[in-house]
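Okay, here's what each chain looks like letter by letter:
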Amino acid sequence: MFRNTRRHAALLLAAAAAAGAGSLHDHGDSAASVTVSASTPLRQLLSTATTGLLFSNPHFAPWQDFLCIGGFPVLNSFVSASVPPTDLSSQGSGGNSDDSRCCPGCLGRNSIAKAAAAVGPAVVNISSMHESHGWVLGKSIGSGTIIDPDGTILTCAHVVADFQSTRAVHKGKIKSKTPLPAAKLGSSCELRPGDWVVALGCPHSLQNTVTSGIVSCVDRKSSDLGLGGIRREYLQTDCAINQGNSGGPLVNLDGEIVGVNVMKVMAADGLSFAVPIDSVVKIVEHFKKNGRVIRPWLGVKMLDLNPVVIEQLKERSSSFPDVRNGVLVPMVTPGSPAERAGFAPGDVVVEFDGKPIQSIKEIIDIMGDKVGVPIEVHVKRANNVPVTLTVIPEEADASR
């Protein structure tokens, strides 16, 4: 329990990167202690006495490049001397006569500094100690961002979850006499390759760390990174991030959070990845509604079709259906909801729940958290045979 006075604010440790299903509850013989620290104004509001935290996130693997095994909790603050935490809404990167920006999105002399200043007071440092039977198993360090005045903190699951197992751990509280500084959420769907972004956090527990760069790719697939499990998309940037940055915000020039920094490629420079904020918002909604993330599972492998891929498939087989786009099903898992519904390898999904389909992302978005709900699917098979199927998604298992 975080101790101070009066107002209770839930510490929502949202699995900013594609969290898996995990409930919020205690477990008997192990514990996790977490230290959260923030800006100088925020430190005046908070006491950082901590005990137990959190939820488990079996879908989100604790990548070692963001974990520090062994050691003790570290407390640091993120200080922003230029912006009072009481008026963050007016601290975006535009509207200053000293800034030479010609339009929103353009880089002016003070753009990066102003974007960082707008979010800085809401950035916190998190140190999570994991214990079992009195033995310290390890420690994870990371960053987070307060996203509402009641103290909801957005971070990554692997920063706070029990990385020695998939068991859930405790849920923490913050108490404050006055509203806390909160960062504004933006939209990641408006990002383009080449847009400027700013990364904030506490790498290696070093306070006040700001780095900048550009968006390198807006839809880097998890399969491109060799990550198995549920299909995900990441923002790729060349911002410098290191151990301890994980869970910290990726910010646009308007001082809005557009992503949550989650990992980097250890053997290369300028290859950093963040979870798009649009995906994060959906995860937060899951936690608020269900206390965990619910992910439907169909049991099919899927491939986006485009004119080039379709032409190649037609060259291999003249019976391939005449489609301009859609989603190909190359494999169906035995015993899965898809197999029971009648899906077959080679099917091309052209309509899902009454909506025309051009990409896998559209199918995932339509499913949302629909578990146990029948969904009508229209597919085309070899020689243009149309088939209508009804599939009932199941909740995804962490072992899949």
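Residues numbered from 1 in each chain as written. Predicted model: local features only at pLDDT ≥ 70, side-chain atom pairs only at ≥ 80, totals over all residues. Heavy atoms only, no water.

Visitor: Whenever I open this one, the pairing of strand 13 (residues 256-264) confuses me. Can you help?
Guide: Within a regular beta strand, the side chains point alternately toward one face of the sheet and then the other, so they alternate between its two faces. For strand 13, a buried count of eight out of nine residues is recorded, marking the element as mostly surrounded by other parts of the structure. Both strand 8 (residues 184-185) and strand 13 contribute to a ladder of two bridges, which runs parallel. Looking at the pairing, Leu-185 lines up with Ile-257 of strand 13. The sheet contact formed by strand 12 (residues 249-251) and strand 13 spans three bridges and is antiparallel. Bridging across to strand 13, Val-251 finds its partner in Ile-257. Count of turn residues in the strand 12/strand 13 antiparallel hairpin: four residues, of which Gly-255 carries a positive phi of about 75°. Pairing of strand 13 with strand 14 (residues 272-276) involves five bridges; the strand directions are antiparallel. (Buried < 20%, exposed > 50% of the residue type's maximum accessible area, 1.4 Å probe, protein only. Helix = DSSP H or I, 4+ residues; strand = E, 2+ residues; numbered from the N terminus. Pairing = 2+ DSSP bridges.)

Visitor: Help me understand the pairing of strand 9 (residues 196-201) in this model?
Guide: Across the six residues of strand 9, five count as buried, placing the element largely inside the fold. As judged from the six bridges shared by strand 9 and strand 10 (residues 209-221), these two strands associate in the antiparallel manner. When the sheet's bridge partners are listed, Val-197 is paired in strand 10 with Gly-213. Bridge analysis of strand 9 against strand 12 gives two bridges, and the strand direction is antiparallel. Bridging across to strand 12, Val-198 finds its partner in Val-251.

Visitor: Would you take a moment to explain helix 4 (residues 277-290) for this structure?
Guide: When the terminal C-alpha atoms of helix 4 are compared, their 20 Å separation across 14 residues agrees well with the 20 Å that a helix rising 1.5 Å per residue should span. Taken together, the buried positions of helix 4 are occupied by Ile-277, Val-280, Ile-283, Val-284, His-286 and Phe-287. For helix 4, the arc enclosing every buried residue in end-on projection is 160°, short of the 170-degree limit, so these residues lie on one face. (Expected span 1.5 Å × (residues − 1). Arc of directions from axis to C-beta.)

Visitor: Explanation requested: the UniProt feature "domain: PDZ" (unreviewed entry) in the protein in the structure shown.
Guide: Summarizing the sequence annotation, UniProt attributes the feature "domain: PDZ" (unreviewed entry) to residues 326-360 in the numbering used throughout. As a span, residues 326-360 carries 17% helix and 43% strand, and end to end its C-alpha atoms are 8 Å apart. (UniProt positions renumbered as here; feature names shortened; annotations may be inferred.)

Visitor: Whenever I open this one, the nonpolar core confuses me. Can you help?
Guide: Side chains of nonpolar character tend, in soluble globular proteins, to be buried together. Ile-146, Leu-154, Tyr-234 and Val-280 are the most contacted members of the largest nonpolar core, which totals 32 residues. When residues of this core are traced back to their parent elements, those giving at least two are helix 2 (111-119), strand 4 (123-132), strand 6 (153-155), helix 3 (157-160), strand 9, strand 13, strand 14 and helix 4. Counting residues in hydrophobic clusters, the runner-up holds 21 residues, among them Leu-298, Met-367, Val-387 and Val-391. (Core = buried A, V, L, I, M, F, W, Y, C linked by side-chain atoms within 4.5 Å.)

Visitor: Is there a simple way to think about the environment of Pro-181 in this case?
Guide: Its place among the elements puts Pro-181 in the loop between strand 7 (173-176) and strand 8. In this structure Pro-181 comes out as buried when scored by relative accessible area, which is 3%. On a C-alpha basis, the gap between Pro-181 and Asp-148 in space is 7.5 Å, while along the polypeptide they are 33 residues apart.

Visitor: I'm lost on the side chain of Ser-246 in this one. Help?
Guide: Within the fold, Ser-246 resides in the loop between strand 11 (233-237) and strand 12. Residue classification places Ser-246 among the buried residues on the basis of a relative accessible area of 0%. Side-chain polar atoms of Ser-246 contact the backbone oxygen of Val-262, separated by 3.3 Å. (Polar contact = N/O pair within 3.5 Å; in protein donor to acceptor, adjacent residues only side chain to side chain.)

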